[in-house]
Amino acid sequence: MCGILAVLGCSDDSQAKRTRVLELSRRLKHRGPDWSGLYQHEDCYLSHQRLAIIDPASGDQPLYNENKSIVVTVNGEIYNHEELRKSLPSHTFRTGSDCDVIAHLYEEHGENFVDMLDGVFSFVLLDTRDKSFIAARDAIGVTSLYIGWGLDGSVWISSEVKGLNDECEHFECFPPGHLYSSKTGSFRRWYNPPWFSEAIPSTPYDPLVLRQAFEKAVIKRLMTDVPFGVLLSGGLDSSLVASVTARYLAGTNAARQWGAQLHSFCVGLEGSPDLKAAREVAEYLGTVHHEFHFTVQDGIDAIDDVIYHIETYDVTTIRASTPMFLMSRKIKSLGVKMVISGEGADEIFGGYLYFHKAPNKEEFHQETCRKIKALHQYDCLRANKSTSAWGLEARVPFLDKEFISAAMSLDPECKMIKKDQGRIEKWVLRRAFDDEEHPYLPKHILYRQKEQFSDGVGYSWIDGLKAHAEQHVTDRMLRNAPYIFPHNTPSTKEGYYYRMIFERFFPQNSARLTVPGGPSVACSTAKAVEWDAAWSKNLDPSGRAATGVHNSAYDRQMHAVPAKNIPAKMMNGLPRMMEVTAPELTIQG
């Protein structure tokens, strides 16, 4: 993923302003370490920090139409760019970049082209002929984007909060699936799927249709001109991503450039559930597997950096982002620039363990709709920013527009969890890939119970975080929390600890308003907490809070780790990761 920053209509075209925009753009350089670009037209500035995935040699940004009257800065991947180029025979393209089609589509269709794009993206387009501009964000919010307004009448748009928070009087999340037009000064939704209304669908379940839709989503994400791999936790979602990728990699351009043997990556505390399962899946699929270990202290030492990059104080997001942040650094060090990951399946199929308590199919479906709509504040934010912190791109096939359409049109009755019928969470997805003749995965992996990423890396990770927060947040501090943090008041010492760090980096009121809040159990929305009266007394985002469901629920066993026993692992003042022996990454020409 790249980093974009646009400053529009700031009434200042001086060299000092240009220098300031460059300075702010450099705050996003971690997202795009390969090249920097800045275009200025009077008092409008479009900057770009590039992570080169497609056409590394000539695809630098900003991008233009033929006479450079239309200028675009883009973060994203357009998977159908070749088809779109063919639909524009009268146009001449300057680069081979997948994003080069955007300026030309605008020339042909005006503002009404965004739904033609099959991919994930955030972009700002400036029409220098009248100084109008549009900005848009992909359907689900896989790419991060923020918009702000200055006292001078300027509009600011940035991939991350840190690009604009010091300059704007007010800023907020740019809503997914929306377009902002300077001509109207307002947003409008361009993504309007049937499921968005939360009406109950009725399409019968066909395992083969669902399987083919997912395979298509994975295959289109094999578009790359750089080395790549898959994130493999050993859970259902990432294992299916790895299996489908391994099955269809041969014969692709990616395989011809970099070899047909897939690389897989996993992170966890030594002895964690994910490491064992991922190792088994990797062996089954024949991937070159890289396994990274970290200690609880490694993770704790990285918390400040994680919060700075992820830009949230949400407890579950920070818990899960930290291992992913550490792993991304190791992956990038091996020369890999893109990974395919399994985010989104739990929201689409009701995979979180609290869905066991859904009272009926209507509530089940409406909760999945709420979860998908909120993804940009949770798992999409984690996957995007944890990897982008190290110049690594994460692609998420479960959040493909066409796949979501197929999955969310199913009668939700088939997604319901029914133990008496042998149907566990995400049964429809498991059944779709339960192929006896040509198996995708071992049966026990295909039917492994859901583990949230922050749990799967090792239960003592969360317990260690709680113990660390206990040492740094007193009872008195927590009692005074409603006065110190009246918005989204932290209810635990762990939440208070993260909030203190966040406020140090992002003290603006607008910043704290970008983070979601409300009660949650096992990653539920506040509405779903009502499904079980006991949950309101055990509000924790860990999957183990789903008492009576998780095999290692909090009410069955505890894994407390005294903070004093956490070993310090430091080297030259930096957190050090422990790595087991793994095959080196070899790029085959």
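Here, the structure is the one placed above.
Overview of the structure. (Residues numbered from 1 in each chain as written. Predicted model: local features only at pLDDT ≥ 70, side-chain atom pairs only at ≥ 80, totals over all residues. Heavy atoms only, no water.)

1. Describing the pattern of salt bridges
Link 1 in the chain: Under the criterion given, the structure shown has 41 salt bridges.
Link 2 in the chain: Here arginine 20 makes a salt bridge to glutamate 23, at a shortest N to O gap of 2.9 Å. Of this pair, arginine 20 and glutamate 23 are both found in helix α1 (residues 15–25), three residues apart, which corresponds to roughly one turn of the helix.
Link 3 in the chain: Given a relative accessible area of 21%, arginine 20 falls into the partly exposed group.
Link 4 in the chain: The partner of glutamate 343 in a salt bridge is arginine 382, with the nearest N and O atoms 2.9 Å apart. Pair noted here: glutamate 343 is in the loop between β16 (338–340) and α10 (345–349) and arginine 382 is in helix α12 (residues 379–388), with a separation of 39 residues, a long-range link. Across the pair, arginine 382 and glutamate 343 agree in class, each one buried.
Link 5 in the chain: Through salt bridges that share partners, Arg31, Glu160, Lys162, Glu311 and Lys385 make up one connected network. (Salt bridge = Lys/Arg side-chain N within 4 Å of Asp/Glu carboxyl O. Helix = DSSP H or I, 4+ residues; strand = E, 2+ residues; numbered from the N terminus. Buried < 20%, exposed > 50% of the residue type's maximum accessible area, 1.4 Å probe, protein only.)

2. Examining the packing of aromatic side chains
Link 1 in the chain: As enumerated under the stated definition, the model contains 32 aromatic pairs in all.
Link 2 in the chain: Between phenylalanine 133 and tyrosine 180, the aromatic rings sit 6.0 Å apart at their centres with planes inclined by 25°, giving stacked as the arrangement. Placement of phenylalanine 133 in strand β7 (residues 132–137) and of tyrosine 180 in strand β11 (residues 178–181) is noted, with a sequence separation of 47 residues between them. Pair check on accessibility: phenylalanine 133 and tyrosine 180 agree, each one buried.
Link 3 in the chain: With a centroid separation of 6.2 Å and 15° between ring planes, the pair formed by tyrosine 352 and tyrosine 354 is classed as stacked. In terms of burial, tyrosine 352 and tyrosine 354 fall into one category: buried.
Link 4 in the chain: Here the aromatic cluster, defined as three or more aromatic residues joined through ring pairs, consists of Phe113, Phe121, Phe123, Trp190, Tyr191, Trp195 and Phe196.
Link 5 in the chain: Against the face of tyrosine 313 rests arginine 499, its NZ or CZ located 4.2 Å from the ring centre. (Phe/Tyr/Trp six-rings, centres within 6.5 Å; stacked < 30°, edge-to-face > 60°. Lys NZ or Arg CZ within 6 Å of the ring centre and 35° of its normal.)

3. Focus on the layout of surface pockets
Link 1 in the chain: The computed volume of the second largest pocket comes to approximately 370 Å³.
Link 2 in the chain: Residue lining of the second largest pocket: 14 residues in total, with Glu82, Lys220, Leu222, Met223 and Asn253 positioned closest to the centre.
Link 3 in the chain: Within the residue set of the lining of the second largest pocket, elements represented by two or more residues are α2 (81–86), α4 (207–220) and α6 (253–258).
Link 4 in the chain: Sorting elements by how many residues they give to the lining of the second largest pocket places α2 first, with three residues.
Link 5 in the chain: Split into classes, the residues belonging to the lining of the second largest pocket amount to five nonpolar, five polar and four charged. (1 Å grid on protein atoms, 1.4 Å probe; cavity = no way out; pocket = protein on both sides within 12 Å on 5 of 7 lines; lining within 4 Å. Points joined across faces, edges and corners; volume = space filled by probe spheres on them. Nonpolar A, V, L, I, M, F, W, Y, C, P; charged D, E, K, R; others polar.)

4. Here's the deal with the pairing of strand β15 (residues 288–293)
In regular strands, side chains alternate between the two faces of the sheet.
Link 1 in the chain: Across the six residues of β15, six count as buried, placing the element largely inside the fold.
Link 2 in the chain: Where strand β14 (residues 263–268) and β15 come together, six bridges link them in parallel fashion. Following the sheet pairing, cysteine 266 is matched in β15 by glutamate 291.
Link 3 in the chain: Crossover handedness for the path β14 to helix α7 (residues 273–285) to β15: right-handed. (Pairing = 2+ DSSP bridges. Right-handed = clockwise from strand over helix to strand, strands pointing away.)

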